[in-house]
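# Reading the structure
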Amino acid sequence: MNSTCLTYWSSYHCLKTSIIVTQTSYQKQRKKLMYVSKRGRRREKKARKRSMKRVLLLLNSVLLALGTSGGPLVMRLYFIHGGNRIWLSSFLETAAFPLILIPLTISHLHPNFHHSPKPNLVSIKLPLFIASAVIGILTGLDDYLYACGIARLPVSTSSLIQASHLAFTAVFAFLLVRHRFTVYSVNAIVLLTIAAVVLALRSGGDRPPGESTRQYVIGFVMILAAAALYGLVLPLMELVYKRSKQRVTYSLVMEIQLVMCFFATLFCTLGMLINNDFKVISREAKDYELGETKYYVVLVGSAIMWQFFFLGAIGVIFCSSSLFSGIIIAAFLPVTEVLGVIVYKENFEAEKGVALVLSLWGFVSYFYGEMKQEREKNKNGCPETELPQSLSPNA
Ligand SMILES: Nc1ncnc2[nH]cnc12
């Protein structure tokens, strides 16, 4: 009896222990599963976010490329055929800002662009508003300097601006946001700068007949100042995103763009008022070589192209970096020159071909470096990292 009892007793204990062990391992397994699925969900969310950011980067790069090539071409069309109001052309650089209301409305309605179920109509807070307004005024000043240069140095100057613009952006990106350079990005900066300098070397041949040396020098200084100022504005924008206490979403980026362009346009409107540009527009339209209707078409086209430029630039900063914005602007410079050959029947000199090849090489080098960096990150076991050099804290 005793021995039977003992057997039962030990079997009972055995069973109990095995139940407890099973329960514990089940709980452990369950916890692990929950952890894995939680991690999986988090990964999935991050991957979705990353691919969304890639789409946005592509979209903004296309906008920036369109604006970089189309903006100077249309602005040149204005000056070539009899337009000469500098404040008006700088005003046109940002005046199409109400267009941003279209994607902004879409983004408010689309759940992928915001994070709360009931997004506010206006999410920008006062500190970000003030920063955007200050950058907007700087942009207005930059637009004026840029238009001054384009008006005085018609063809080759744009290449001069871009030549120094990328270098200024690189220096300010290092100083303001501690941008980390790779061998590939430095190679790209050098190649793109050489490409633009090759174009700029032809500048003597592009000097318009009858223009005084003084006018030429003023144009040169203005365009260099514009390059330096815009080289500061892009990293400044990146700094604003990074320091923002608000979570920076693409909707917020568009609101920032709206505020910036509003203040830039306000600045140029004051210039136009002081300079009596509004009174002259109708007379200038009547005298325009391509006709009155085409005059207004050129003005509207210019405003749209420049809006693509500015929206693309700050969108690329949001998705990648200010340096990448500068790289796209520089890379499309020879494309603009080649388009000038096609559209305005300008001469196709060997320098334009050389510059085009160099800038494509620079662009490919930059991309190769970025892809390599991302592949290495993935190999090191952090596949869910954000896009290279992206604004991870807010994105
Ligand atoms: N205001 C501006 N518009 C276009 N390109 C520029 N590069 C430098 N300043 C610029």
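I will try to describe carefully the structure that is included in this document.

Thresholds applied
- Residues numbered from 1 in each chain as written.
- Predicted model: local features only at pLDDT ≥ 70, side-chain atom pairs only at ≥ 80, totals over all residues.
- Heavy atoms only, no water.
- Near = heavy atom within 4 Å.
- Polar contact = N/O pair within 3.5 Å; in protein donor to acceptor, adjacent residues only side chain to side chain.
- Areas by Shrake-Rupley, 256 points an atom, 1.4 Å probe, with all protein chains shown as cover.
- Helix = DSSP H or I, 4+ residues; strand = E, 2+ residues; numbered from the N terminus.
- Nonpolar A, V, L, I, M, F, W, Y, C, P; charged D, E, K, R; others polar.
- Buried < 20%, exposed > 50% of the residue type's maximum accessible area, 1.4 Å probe, protein only.
- Axes fitted to C-alpha atoms, helices over the stretch in contact; angles between N-to-C directions.
- Parallel < 35°, antiparallel > 145°, perpendicular 65-115°, else oblique.
- Left-handed = near helix turned anticlockwise from the far one by under 90°.
- Contact = heavy atoms within 4.5 Å.
- Phe/Tyr/Trp six-rings, centres within 6.5 Å; stacked < 30°, edge-to-face > 60°.

## Focus: the site of the ligand
Near the ligand you find nine residues, and of these Glu93, Asp142, Asp143, Tyr146 and Trp306 are the closest. At 2.7 Å, a side-chain N or O of Asp142 approaches a nitrogen atom of the ligand. Within the side chain of Asp143, a nitrogen or oxygen atom sits 2.9 Å from a nitrogen atom of the ligand. Calculation on the ligand without its partners gives an accessible area of 260 Å², and the protein chains cover 99% of this total. If you list the elements that add at least two residues to the shell around the ligand, you get helix 4 (126-152), helix 8 (213-243) and helix 11 (292-319). The biggest single contributor to the shell around the ligand is helix 4, with three residues. Its residues placed into classes, the shell around the ligand shows six nonpolar, no polar and three charged.

## With respect to unusual backbone geometry
With a phi close to 55°, Arg178 is a non-glycine residue in the positive phi region. Within the secondary structure, Arg178 sits in the loop between helix 5 (157-177) and helix 6 (183-200). With a relative accessible area of 54%, Arg178 lands in the exposed category. Of note, the phi angle at Asn276 is positive, near 60°, even though the residue is not glycine.

## Let's talk about the packing of helix 9 (residues 250-274) against helix 11
Here helix 9 crosses helix 11 at 135°, and the two axes come no closer than 10 Å. Between helix 9 and helix 11, the crossing angle belongs to the class labelled oblique. Judged by the sense of rotation from one axis to the other, the crossing of helix 9 with helix 11 is right-handed. Counting all contacts with helix 9, which are made through Tyr250, Val253, Met254, Gln257, Met260 and Cys261, the residues of helix 11 involved are Gln307, Phe310, Leu311, Ile314, Gly315 and Phe318. Its residues placed into classes, the contact of helix 9 with helix 11 shows nine nonpolar, three polar and no charged.

## Structural notes on the packing of aromatic side chains
Applying the stated rule across the entire model yields 20 aromatic pairs. For the ring pair Phe129 and Phe263, a centre distance of 6.0 Å and an interplane angle of 80° mean the geometry is edge-to-face. Taken together, the positions of Phe129 in helix 4 and Phe263 in helix 9 put the pair 134 residues apart, joining distant regions of the chain. Here Phe129 falls in the partly exposed class, since its relative accessible area comes to 33%. Summarising the aromatic geometry, the rings of Tyr184 and Tyr368 are spaced 5.3 Å apart at their centres and angled 70° between planes, so their arrangement reads as edge-to-face. Here Tyr184 is found in helix 6, whereas its partner Tyr368 is found in helix 14 (residues 350-379), with 184 residues between them in sequence. Put simply, the rings of Tyr78, Phe79, Tyr288, Tyr295 and Tyr296 touch in pairs and so form one group of aromatic residues.

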